[in-house]
Amino acid sequence: AGVNEDTRLRYRYLDLRMPRIARNLVLRSRLANVVRAYLNSLGFNEIETPVLTRSTPEGARDFVVPARGAPGSFYALPQSPQVFKQLLMVSGMDRYFQLARNFRDEDLRADRQPEHTQIDLEMSFVTEADVAAVVEGMMKEVFDRTGEKIETPFPEMEYEDVMLRYGSDKPDLRFSLEIKDCSSIFADSGFKVFRGALDAGGVVRGIKGEGGAAYSRGEIDKLTELLKKNGAKGLVWLKFKDGKFDSPTLKFLDEAELSGLRTLYSLGEGDILFICAGERSATARHMGMVRNELIARLKPAAVKKWAFLWVRHFPLLEKDPDSGHWTFTHNPFTAPLPEELRKLDTDPGGVRSCQYDLVLNGVELGSGSVRNHSRAVQEKIFGLMGYSPNEIQRRFGMIVNALDFGAPPHGGIGIGFDRLIGIICGTDSIRDVIAFPKTTSGACLMTDAPSRLDDRQLKELHLRIDDVKSEG
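In this structure, what is going on with helix α12 (residues 375-384)? I would like to understand it.
Because each turn of an α-helix spans 3.6 residues, side chains separated by three or four positions end up pointing in the same direction. When α12 is considered as a whole, its buried residues turn out to be R375, V377, Q378, I381 and F382. The buried residues of α12 all sit within an arc of 165 degrees when viewed along its axis, so they share a single face. On its buried side, α12 packs onto β13 (317-319), α11 (343-346) and α13 (389-403). If you check the start of α12, you find a side-chain oxygen 3.3 Å away from the backbone N of A376, and it comes from S374. Looking one or two residues past α12, G386 carries a phi angle of roughly 95 degrees, positive in sign.

Right, dumping it as structure tokens:
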């Protein structure tokens, strides 16, 4: 007690003697065995995929390793085994899994490490429902081992619906707070803020905070500033107390609008209503921030202990603001929904995909999809992303060439093992369930990694370090 985290990580071998941390690692070991036994019982083959590979775009920066035998060339550490597990399906392996190490050079936080473990699996001739059944059975086994009971099948929602109702693609459904669209109430409103948003094709949405009339003006102002920093134009609020509304916005709203709000949101004594207006996706995101704030501030009673959710059919593509090209929302190998294929030619941004995420208690626990098994469709998607035929061959030749040899329909998922164990152990940081974790700056204080190479090693690798300034 009282020891700061840097000291704990520097002497991690002593920190591991602490009963809480030791128990976490023992539980992690036992649950890894549960996962392996369960997947083995279903005929999955545990197959290791390479750690030294080549760079492919998967959403984060790669860690790279210089190749001594090929001066000027580099291996990349895998962000996931994505391409290899698809190639295993082409090979006829049918069912694959591994507890895979993944490496991502991205900004870190409590639930991220530069290297992490995921339960990675892939199956041939499957639908989304088949993958879900395997994963739900596995989660049931894992939680049973910890003495917890969970209900299956897990609820599922379309991406568009979850963004409307919760303002996040990873909502914490332990709490029942729900966002509702109130655009129809203001269709003919004289309030310029709402009417302007609707005339521009936007939406008006609100969320009730039960007992939230206790919010002070200072707290509301702080929340408003947070939203403005994230692109919102403002935040409208109305308190309902002593049988009537209280808000600086009242003078702009008529009785019919106020009555409509009270009915739609079932406003009762002591409640607060927050409303945002604007473009659809931005307003969804802003309302999601308000929902998270209401949960943190009002601490509503949880309706369940373990809130699993499948979020399905994410958009396949989104515009990259820098290049202007389309880019993938999850990974470039996700298949469009069959009925959406024709829209690749007419409305790429409107194409829904066979992408699904597994959410637990507001944490994205896993992400997967049914993949493209047609070379023509895969190359069309790469083309929309701005890759020329030569670039496709250079960067993705191994996968597009393999698809020519008869790839079965296949799909899978990667589940964050560290995050899963962290949630079960009730810790806020996955560092508490990893034997030798890194700091948020990516440093291992125990080994002093990363470290400089000596001149001899640099020469062997044909590297030269220029303009590195010493800090401190």
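So that's the structure; there's more coming.
Is there a simple way to explain the packing of aromatic side chains in this structure?
Centre distance and the angle of the planes are the two values used to describe a pair of aromatic rings. Using the criterion set out here, one finds 16 aromatic pairs in the structure. Here Y11 and Y13 contribute two aromatic rings whose centre-to-centre distance is 6.4 Å and whose plane-to-plane angle is 80 degrees, an arrangement assigned as edge-to-face. For Y11, a relative accessible area of 41% translates into the label partly exposed. Aromatic side chains F186 and F194 sit 4.6 Å apart centroid to centroid with 65 degrees between the ring planes, which places their arrangement in the edge-to-face category. F194 shares its class with F186; the two are buried. Among the aromatic residues, ring-to-ring pairing joins F143, F154, W306 and F308 into one connected group. Across the ring face of Y215, the terminal group of R297 is positioned such that the distance to the ring centre comes to 4.9 Å. The positively charged end of K319 is found above the aromatic ring belonging to W326, 4.6 Å away from the centroid.

It is not clear to me how the side chain of T427 should be interpreted in this structure. Could you clarify?
Following the sequence through the fold, T427 ends up in the loop between α14 (417-425) and α15 (455-460). At 3.2 Å, the side chain of T427 and the backbone oxygen of S429 are in polar contact. Among residues more than four places away in sequence, those in contact with T427 are G422, D432 and V433.

Before we go on, may I ask you to explain the pairing of strand β8 (residues 203-209) in this structure?
Burial analysis of β8 places seven of its seven residues in the buried class, the great majority of the element. Direction of pairing for strand β7 (residues 179-181) relative to β8: antiparallel, over a ladder of three bridges. Within β8, the residue paired with K180 across the bridge is G206. Sheet topology note: the β8/strand β11 (residues 271-278) ladder contains seven bridges and is antiparallel. Bridge pairing links V204 to A277 in β11.

Help me understand the environment of K241 in this model?
On the secondary structure map, K241 appears in strand β9 (residues 236-241). For K241, a relative accessible area of 33% corresponds to the partly exposed category. When near neighbours in sequence (up to four residues on either side) are disregarded, K241 contacts D246, E269 and G270.

Just checking my understanding: could you explain unusual backbone geometry for this structure?
Most peptide bonds take the trans form, and the phi angle of most residues other than glycine is negative. P153 follows T152 through a cis peptide bond whose omega is 0 degrees. You can see P153 is positioned in the loop between α5 (128-145) and β6 (156-158). Put simply, A449 and P450 share a cis peptide bond, and its omega is 0 degrees. Residue placement: P450 occurs in the loop between α14 and α15. Even without glycine at this site, F125 takes up a positive phi of about 55 degrees. Tracing the sequence through the fold places F125 in the loop between β5 (115-124) and α5. Take F125: its relative accessible area is 63%, and that puts it in the exposed class. Unlike most non-glycine residues, H313 shows phi in positive territory, near 65 degrees.

Quick question: what am I supposed to make of the pattern of salt bridges here?
Pairing of side chains with opposite charge becomes possible as their charged atoms draw close. The final tally for this structure, using the stated rule, is 33 salt bridges. For R312, the salt bridge goes to E156, with nearest N and O atoms at 3.4 Å. In this pair, R312 is assigned in strand β12 (residues 308-312) and E156 in strand β6, connecting sequence segments 156 residues apart. We note a salt bridge from D172 to R174, for which the minimum N-O separation is 2.6 Å. Among the residues examined, D172 registers a relative accessible area of 12% and is labelled buried. Salt bridges linked by common partners bring R8, R12, D15, R20 and D432 together as one network.

Teacher, can you tell me more about helix α7 (residues 192-199) here?
Every buried residue belonging to α7 is among F194, A197 and L198, and all of these are buried. Down the axis of α7, the buried side of the element spans an arc of 95 degrees, and every buried residue falls inside it. Away from its buried face by more than 90 degrees, α7 exposes K192 and D199. Elements in contact with the buried residues of α7: β8, β9 and β11. Following α7 by one or two positions, G201 has its phi on the positive side, about 90 degrees.

Looking at this structure, how should I read the packing of helix α8 (residues 217-229) against helix α10 (residues 280-298)?
Helix packing geometry: the angle between the two helix axes and the distance between the axes. Viewed as axis vectors pointing N to C, α8 and α10 meet at an angle of 145 degrees, and their least axial separation amounts to 10 Å. The chirality of how α8 crosses α10 is right-handed. Listed contacts from α10 to E219, L223 and L227 of α8 are H286, M289, V290, E293 and R297. When its residues are assigned to classes, the contact of α8 with α10 shows four nonpolar, one polar and three charged.

What exactly am I supposed to notice about the nonpolar core here?
It is characteristic of soluble globular proteins that their nonpolar side chains tend to be buried jointly. One finds L39, M138, M139, F143, F308 and L365 to be the most contacted residues of the largest nonpolar core, which totals 40 residues. Every element with two or more residues in this core is listed here: α3 (19-41), β4 (95-103), β5, α5, β12, β15 (355-360), β17 (410-416) and α14. Broken down by element, this core gets its largest block of residues, eight residues, from α5. The residues contacting L39, other than those within four sequence positions of it, are F44, F97, I119, L121, V134 and M138. By size, the runner-up hydrophobic cluster in this structure holds 19 residues, among which are W237, F274, M287 and I295.

Reading the values: the criteria
Residues numbered from 1 in each chain as written. Predicted model: local features only at pLDDT ≥ 70, side-chain atom pairs only at ≥ 80, totals over all residues. Heavy atoms only, no water. Buried < 20%, exposed > 50% of the residue type's maximum accessible area, 1.4 Å probe, protein only. Helix = DSSP H or I, 4+ residues; strand = E, 2+ residues; numbered from the N terminus. Arc of directions from axis to C-beta. Contact = heavy atoms within 4.5 Å. Polar contact = N/O pair within 3.5 Å; in protein donor to acceptor, adjacent residues only side chain to side chain. Phe/Tyr/Trp six-rings, centres within 6.5 Å; stacked < 30°, edge-to-face > 60°. Lys NZ or Arg CZ within 6 Å of the ring centre and 35° of its normal. Pairing = 2+ DSSP bridges. Salt bridge = Lys/Arg side-chain N within 4 Å of Asp/Glu carboxyl O. Axes fitted to C-alpha atoms, helices over the stretch in contact; angles between N-to-C directions. Left-handed = near helix turned anticlockwise from the far one by under 90°. Nonpolar A, V, L, I, M, F, W, Y, C, P; charged D, E, K, R; others polar. Core = buried A, V, L, I, M, F, W, Y, C linked by side-chain atoms within 4.5 Å.

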